[in-house]
Each structure stands twice: as C-alpha cells, then as structure tokens.
Amino acid sequence: MQTYTLFEEYITLGQVLKELGLIATGGQAKIFLAEHEGEIFYNGAPENRRGKKLRAGDLLELPTYKMSIKFAQADAETIAQHEAQKAEENRVKALVKKLNAERQTPKASKKSAPKFPGIKPKHRSNP
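What counts, and where the lines are drawn
- Residues numbered from 1 in each chain as written.
- Predicted model: local features only at pLDDT ≥ 70, side-chain atom pairs only at ≥ 80, totals over all residues.
- Heavy atoms only, no water.
- Helix = DSSP H or I, 4+ residues; strand = E, 2+ residues; numbered from the N terminus.
- Buried < 20%, exposed > 50% of the residue type's maximum accessible area, 1.4 Å probe, protein only.
- Contact = heavy atoms within 4.5 Å.
- Phe/Tyr/Trp six-rings, centres within 6.5 Å; stacked < 30°, edge-to-face > 60°.
- Lys NZ or Arg CZ within 6 Å of the ring centre and 35° of its normal.
- Salt bridge = Lys/Arg side-chain N within 4 Å of Asp/Glu carboxyl O.

S.K.: Any chance you could break down unusual backbone geometry for me, citing the residues and the numbers?
M.R.: Unlike most non-glycine residues, Asn43 shows phi in positive territory, near 50°. Its location among the elements puts Asn43 in the loop between β3 (41–42) and β4 (45–46). Looking at Asn43, the relative accessible area reads 41%, which means it is partly exposed. Of note, the phi angle at Lys66 is positive, near 55°, even though the residue is not glycine. Here Lys66 is to be found in the loop between β6 (59–62) and β7 (67–73). Here Lys66 falls in the exposed class, since its relative accessible area comes to 80%.

S.K.: Which residues make up the side chain of Thr12, and what values go with them?
M.R.: As for its position among the elements, Thr12 is in strand β2 (residues 10–12). Given a relative accessible area of 18%, Thr12 falls into the buried group. Once you skip the residues sitting within four places of it in the chain, Thr12 turns out to touch Arg50, Gly51, Lys52 and Leu54.

S.K.: So, the packing of aromatic side chains: which residues are in play, and what are the values?
M.R.: Going through the model one piece at a time under the given rule, you end up with two aromatic pairs. With 5.5 Å between their ring centres and 55° between their planes, Tyr4 and Phe71 make a pair best called tilted. Within this pair, whereas Tyr4 is found in strand β1 (residues 2–6), its partner Phe71 is found in strand β7, the two being separated by 67 residues in sequence. Residue classification places Phe71 among the buried positions, given a relative accessible area of 2%. Across from the ring centre of Tyr10, 4.7 Å away, lies the NZ or CZ of Lys53, which sits over that ring.

S.K.: How would you sum up the pattern of salt bridges? Please name residues and give values.
M.R.: Within the structure shown, the criterion is met by three salt bridges. In this structure, Glu47 and Arg49 form a salt bridge, with 2.7 Å as the shortest nitrogen-oxygen distance. Judged by its relative accessible area of 9%, Glu47 is buried. Looking at Arg49, the relative accessible area reads 48%, which means it is partly exposed. A salt bridge links Arg91 to Glu88, with the shortest nitrogen-to-oxygen separation between them at 2.8 Å. Here Arg91 and its partner Glu88 are both found in helix α3 (residues 76–103), three residues apart, which amounts to about one turn of the helix.

S.K.: Tell me about the environment of Lys30, residues and numbers included.
M.R.: Of note, Lys30 is situated in helix α2 (residues 29–35). Spatially, the C-alpha atoms of Lys30 and Gly14 are 7.9 Å apart, while their sequence positions differ by 16 residues.

Taken by themselves, the reported measurements are silent on function.
Okay, here's the thing in structure tokens:
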C-alpha cells in the first residue's frame, strides 16, 4: 500500500489519476473513469466521479493496476518545506521568463531594408 501525502485539505480523483501517471491531462479523467467503471474503489465502494474529493484517511484502490493508496495529511514542517520548494520554483520560472523576454529581438517590420543595398530586384513577368 502506498501513502499519498496531502498538502491541501483534499485532492480530486482526477488529479490523483494524473499524478499517478495513469492519464496525461485532467481532461482524460472522464474517459479513463468511464472505461474503468466499477474498477476503481473509494473506501471500498465503486467510484467514477473525477471531482470526488479525497481527504486524509481515505483509501483509493485500483485493483487492475494493483494499487492501493492511503491518503495522509502532511505535518506542519512538511507543508512548510513544500511551500518553500513551490516558492523557489515560481521564482525560477519568473526569472527564466524575464530572461527570455530580454533575449528576444524585436520582430522586423514587413518593409525591411533590401539585402543588397543599391541593387534593385528585377521583376519578371510571365511571357
């Protein structure tokens, strides 16, 4: 049995499926749950609602994938570490975004200077 640590009050079933790598995007949750109807159990009962809130103490079972997940609330120290890590990730993302914006060169206007000054291009007409 695996333990999933919650940093918030709850997580939805769709988010859990995404974090487990069973689906790639949240939009696929509805399809996944429809295809696996009756194969996913929340506290022993079949569950197919992607928005179902899973809280500390809940048990999610996916027998097809041989998975059982118990949800536990993170302690104050773990939450503080998680929030510090998220803050650092956001700081780095903002820095990268700023550096990328500074590196971009302004786009040339549609009327750019000729490549060979002083030489006019010849216009050919079809005979």
